[in-house]
Amino acid sequence: MLQLALTHRSFSYEAGGLPTNERMEFLGDAVLGLVVTDELYKKFPDLDESRLSPLRSGVVNMRALAQIAREINLGEYLRIGKGEESTNGRDKNSILADSLEALVGAIYLEHGYNKCADVILRLLGPLIDAAQSSGAALDGKTALQELAASIGLTSPEYEIGESGPDHDKSFTAVAILSGEHFPQGIGKSKREAEQAAAKLAHEVLATRKR
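Note that residues are indexed from 1 along each chain, following the sequence as it is written. Local features are withheld for residues below a pLDDT of 70 in this predicted model, meaning they are given only at 70 or higher, and side-chain atom pairs are given and counted only at 80 or more; totals for whole chains, interfaces and linings count all residues. The side-chain numbers reported here are obtained from all heavy atoms of the structure, hydrogens and water having been left aside.

## Side note on the pairing of strand β2 (residues 170-177)
Definition in use: Under the scheme applied here, a residue whose accessible area is under 20% of the maximum for its type counts as buried, over 50% as exposed, and between as partly exposed, the area being computed with a 1.4 Å probe on protein chains only. By definition, any uninterrupted DSSP run of H or I lasting at least four residues is a helix, any uninterrupted run of E lasting at least two residues is a strand, and each is numbered from the N terminus. Criterion used throughout: strands pair if DSSP finds at least two bridges between them.
Where burial is concerned, most of β2 is hidden: 6 out of the 8 residues are buried. Here strand β1 (residues 157-163) runs beside β2; their pairing, made up of 7 bridges, is antiparallel. Residue pairing for β2: Glu157 is matched across the bridge by Ile176. Linking β1 to β2, which pair antiparallel, is a turn of 6 residues; within it Gly164 sits at a positive phi near 95°. Both β2 and strand β3 (residues 180-187) contribute to a ladder of 6 bridges, which runs antiparallel. If you follow Thr172 over to β3, its bridge partner there is Ile186. Between β2 and β3, which follow one another and run antiparallel, lie 2 residues, and Ser178 among them has a positive phi close to 50°.

What follows is the structure in structure tokens.
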């Protein structure tokens, strides 16, 4: 089961069609979302849905999951194809995040919900604890809009790009304020990419404001 969780589709394709970790990734994504949502619900009883939802997005997103995967050296153990190996696939955010979700799915299947939740909270607990104080509870786009208004800039607009096949699309977004383009955000959806771009632009403007 662990071997399956670590098998990327690129390895499967080159090996003649072995099973991949995509079903486990699908399951793990759902388990992650439930565990984090439950923890946020209990940890922040005074926050309504409009604040809890972006707070969850700040904890469970591709960049955050990929960073956790790096911290546990998950990339070292992945079974990936030669093509991905040659393009540094072991350190790609998308592959690392998906593989961490698959690993969560495997733990859930092998050990059940409670033990899986313990692992998830051990890995994501620091992010959850830091989220409220770091402002992640405020929607990234809303935070950028408020900051822009406070320093006299136009409301943010976003340029969206996409790549990849229909079943595995990746989106990019660039925030534009008063004609200035800010660093590119990346996500599995347009919304996630826009949120990432908004947070990057917010960091740049907040640094200038200091």
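## Considerations on the layout of surface pockets
Which entries qualify depends on this criterion: The method works on a 1 Å grid over the protein atoms by themselves. A cavity is a set of points holding a 1.4 Å probe that cannot get out, a pocket is an open set with protein on both sides within 12 Å along at least five of seven lines, and residues with an atom within 4 Å of a point line them. Grid points are joined across faces, edges and corners, and a volume is the space filled by probe spheres set on the points. For this scheme, ten residues count as nonpolar: Ala, Val, Leu, Ile, Met, Phe, Trp, Tyr, Cys and Pro. Four count as charged, namely Asp, Glu, Lys and Arg, and the remainder, Gly too, count as polar.
The space that makes up the second largest pocket amounts to roughly 460 Å³. Within the residue set of the lining of the second largest pocket, elements represented by two or more residues are α2 (9-14), α3 (22-43), α7 (93-111), β2 and β3. Ranked by residues supplied to the lining of the second largest pocket, first place goes to α7 with 4 residues. A per-class count over the lining of the second largest pocket returns 4 nonpolar, 7 polar and 9 charged.

## Examining the environment of Gly185
Counted only if it meets this: Note on contacts: a residue pair is in contact if any heavy atoms of the two residues lie within 4.5 Å.
As for its position among the elements, Gly185 is in strand β3. Put simply, Gly185 and Ala198 are 13 residues apart on the chain and 7.7 Å apart in space, counted from C-alpha to C-alpha. Excluding its chain neighbours within four sequence positions, the residues that come into contact with Gly185 are Phe171, Thr172, Ala173, Ala193, Ala196, Ala197 and Leu200.

## A short note on empty space enclosed by the protein
Inspection of the entire model under this criterion finds 1 cavity of 30 Å³ or more. In terms of lining, the largest cavity is formed by His8, Arg9, Asn21, Glu22, Glu25, Asp98 and Ser99. Sorting the residues of the lining of the largest cavity by element identifies α3 and α7 as the ones contributing at least two each. For the lining of the largest cavity, the per-class residue count stands at no nonpolar, 3 polar and 4 charged.

## Topic: the confidence of the model for the chain
As a reminder of what qualifies: On a scale of 0 to 100, pLDDT captures the predictor's confidence in every residue.
Averaged over every residue, the pLDDT of the chain is 89; residues scoring 70 or more account for 95%. Mean pLDDT across the elements of the chain ranges from a minimum in helix α4 (residues 49-59), with 77, to a maximum in α7, with 96.

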